Amino acid sequence: MHLMKYPLLLSLGLVLLGSCSKNNDDAPAAGKGSVAVKFENYVGSTPLDLYNLGSLDGYSYVNANGDSFGVKLYKYYISNIRLVKSGGGEYAETESYHLIDQAKPESRSFSMGNVPEGSYTAVKILLGVDSARTANGPYTGDLDLLNDMFWTWSSGYIMAKVEGKSPKSTMSDKSLVFHLGGYTGAYSVLREVTLPLTQTLEIKNNGTSTITLKSDILKWFEGDYLIDFSTTSEVMNPGKQAYNISLNYSKMLSVTKVEN
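In this text the structure is predicted, and so the values were computed from the model without any measurement. (Residues numbered from 1 in each chain as written. Predicted model: local features only at pLDDT ≥ 70, side-chain atom pairs only at ≥ 80, totals over all residues. Heavy atoms only, no water.)

Some remarks on the nonpolar core
The following threshold applies: Nonpolar cores were defined as sets of buried Ala, Val, Leu, Ile, Met, Phe, Trp, Tyr and Cys residues, with membership established by side-chain atoms within 4.5 Å. Whether a residue is buried, partly exposed or exposed follows from its accessible area with a 1.4 Å probe, protein chains only, as a fraction of its type maximum: under 20%, in between, or over 50%, in that order. The helix count covers DSSP runs of H or I at least four residues long, the strand count covers runs of E at least two residues long, and both are numbered beginning at the N terminus. Only heavy atoms matter for contacts: two residues are in contact if any of them lie within 4.5 Å across the pair.
If you look at the biggest cluster of nonpolar residues, it comprises 62 residues, and the most contacted ones within it are Phe69, Leu83, Ile125, Phe178 and Trp220. Counting residues per element, this core draws most heavily on strand S4 (residues 68-85), which supplies eight residues. Residue contacts for Phe178: discarding those within four places in its chain leaves Ala160, Lys161, Val162, Trp220, Phe221, Ile227, Phe229, Thr232, Ser233, Val235 and Ile245.

Focus on the side chain of His179
How we decide: Under this definition, polar contacts are N or O atom pairs within 3.5 Å; protein pairs additionally need one hydrogen-donor-capable and one acceptor-capable atom, and for neighbouring residues in sequence, both atoms have to be side-chain atoms.
Tracing the backbone through its elements, the reader meets His179 in strand S10 (residues 175-181). A distance of 2.7 Å separates the side chain of His179 from the side chain of Glu163, its partner in a polar contact.

Things to note about the packing of aromatic side chains
Note the following rule: Pairs were defined over the aromatic rings of Phe, Tyr and Trp, the Trp ring being its six-membered one, requiring ring centres within 6.5 Å. Orientation was assigned from the angle between planes: stacked under 30 degrees, edge-to-face over 60, tilted for the rest. Any Lys NZ or Arg CZ found within 6 Å of a ring centre and within 35 degrees of that ring's normal is scored as a charge over the ring.
Going through the model one piece at a time under the given rule, you end up with 17 aromatic pairs. Consider the rings of Phe178 and Phe221, whose centres lie 5.2 Å apart with planes at 55°: the pair is tilted. Residue Phe178 is located in strand S10, and its partner Phe221 is located in the loop between strand S12 (208-216) and strand S13 (234-235); the two are separated by 43 residues in the primary sequence. For the pair Phe178 and Phe221, a shared accessibility class is recorded, and that class is buried. Of the aromatic side chains, those joined through ring pairs into one cluster are Phe39, Tyr61, Phe69, Tyr74, Tyr76, Phe110, Phe178, Trp220, Phe221, Phe229 and Tyr249. Cation over ring: Lys214 sits above Tyr42, and NZ or CZ is 5.1 Å from the ring centre.

A closer look at unusual backbone geometry
The residue after Gly137, namely Pro138, is reached through a cis peptide bond having omega 5°. Relative to the helices and strands, Pro138 resides in the loop between helix H2 (131-136) and strand S9 (158-165). Of note in the backbone geometry, Asn114 takes a positive phi value of approximately 60° without being a glycine. Within the secondary structure, Asn114 sits in strand S7 (residues 109-116). Relative accessible area serves as the criterion here: at 29%, Asn114 is assigned to the partly exposed category. For Asp148, which is not glycine, the phi dihedral falls at a positive 60°. With respect to the helices and strands, the residue Asp148 is situated in the loop between H2 and S9.

Some points on the environment of Asn80
Examined against the element boundaries, Asn80 turns out to sit in strand S4. Look at Asn80 and you get partly exposed, because its relative accessible area is 27%. In this structure, Asn80 is in contact with Ser96, Tyr97, Lys124, Ile125, Leu126 and Asp130, ignoring residues within four places of it in sequence.

Digging into the pattern of salt bridges
Worth spelling out the cut-off: Any carboxyl oxygen of Asp or Glu within 4 Å of a side-chain nitrogen of Lys or Arg constitutes a salt bridge here.
Per the counting criterion, the structure on display carries eight salt bridges. Of the charged contacts in the structure, one is a salt bridge between Asp67 and Lys168, with a shortest N-O distance of 2.5 Å. Highlighted residues: Asp67 in the loop between strand S3 (61-62) and S4 and Lys168 in the loop between S9 and S10, separated in sequence by 101 residues. Accessibility expressed as a relative area gives 0% for Asp67, which makes it buried. Taken together, the shared-partner salt bridges connect Arg82, Glu90, Lys124 and Glu192 into one network.

Digging into the environment of Tyr51
Here Tyr51 is to be found in the loop between strand S2 (46-47) and S3. We classify Tyr51 as buried; its relative accessible area is 10%. Looking at Tyr51, its side chain comes within polar contact range of the main-chain nitrogen of Lys165, at 3.3 Å.

Notes on helix H3 (residues 240-249)
The buried fraction of H3 is high, at seven of ten residues. Those residues of H3 not exposed but buried are Ala242, Asn244, Ile245, Ser246, Leu247, Asn248 and Tyr249. Against strand S8 (118-127), S9, S10, strand S11 (191-203) and S13 lie the buried residues of H3.

Some thoughts on the environment of Ile227
Positionally, Ile227 belongs in the loop between S12 and S13. Along the primary structure Ile227 and Asn65 are separated by 162 residues, whereas in three dimensions their C-alpha atoms are 6.8 Å apart. Excluding residues within four positions of it along the chain, Ile227 makes contact with Asn63, Asn65, Asp67, Phe178, Trp220, Phe221, Thr232, Ile245 and Asn248.

Remarks on the confidence of the model for the protein
Here is the rule we go by: One number per residue, pLDDT, summarises how confident the predictor is, and it ranges from 0 to 100.
For the protein, per-residue confidence averages 89 on the pLDDT scale, and 86% of positions sit at 70 or higher. Across residues 1-25, confidence stays below pLDDT 50; counting only partners more than four residues off in sequence or on other chains, it has four contacts.

A look at the pairing of S10
The criterion, for reference: By this definition, two strands are paired if DSSP reports at least two bridges between them.
The buried fraction of S10 amounts to seven of the seven residues, a majority that puts the element mostly inside the structure. Neither face of S10 is open: one carries Ser175, Val177, His179 and Gly181, the other Leu176, Phe178 and Leu180, and all of them are buried. By the bridge criterion, seven bridges tie S9 to S10 in an arrangement that is antiparallel. Of the residues in S10, the one forming a bridge with Lys165 is Ser175. Bridging between S10 and S13 involves two bridges; their strand directions are parallel. Considered in S13, the bridge of Phe178 is made with Val235.

Structural data, given as structure tokens:
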């Protein structure tokens, strides 16, 4: 069949070809590459292992105060990710909101596309959800209000959660509940951190590099404020306690590996 005799078929083929090429939104543009970002959750030097809901066993970990505990839930928001260039300047991820959930392996990695070529030496991350997005939305994807990470319009998002059990807990069921929130005022728990990379991140045209980060739960309970589960086993409102723990957990992230 000679296509020139069938201009409608030829036009249709060109339209379909064009539409297929536009669907690959993750493909880096010319002069740009991509970065895979991976999170690995730990308790000290031990990979985090969640125990089953309702279990009385699993006091596998010990905090700096000497209190044994187990973890059944670990979730936290990171946002406003920026890669810092060696010669100055930054690349900022668009729509940069991610909910990391230990119970959902697929949530612990994502890709940043269209990163300009160059050498990068650090990554900046906001722990939590910034006040502008909290106040104005949209509340979709990882920010969906159905993700059980939102209190009220005045209190905003729960920026991070740890739930578990400890024999030192003062709760009748020995539970531990730490829900950290508050995005305005003196007791805001929002924390921006700058993390040096273990080696220079080299972004090449159409290349893919990887950054692996470690999140350490133990950092929640030590540092500026030592947490004793016999006196502090539940934090569920914005305020001084949540603020103090946020000063601790601002040190929970570190970069462990860069692969070019």
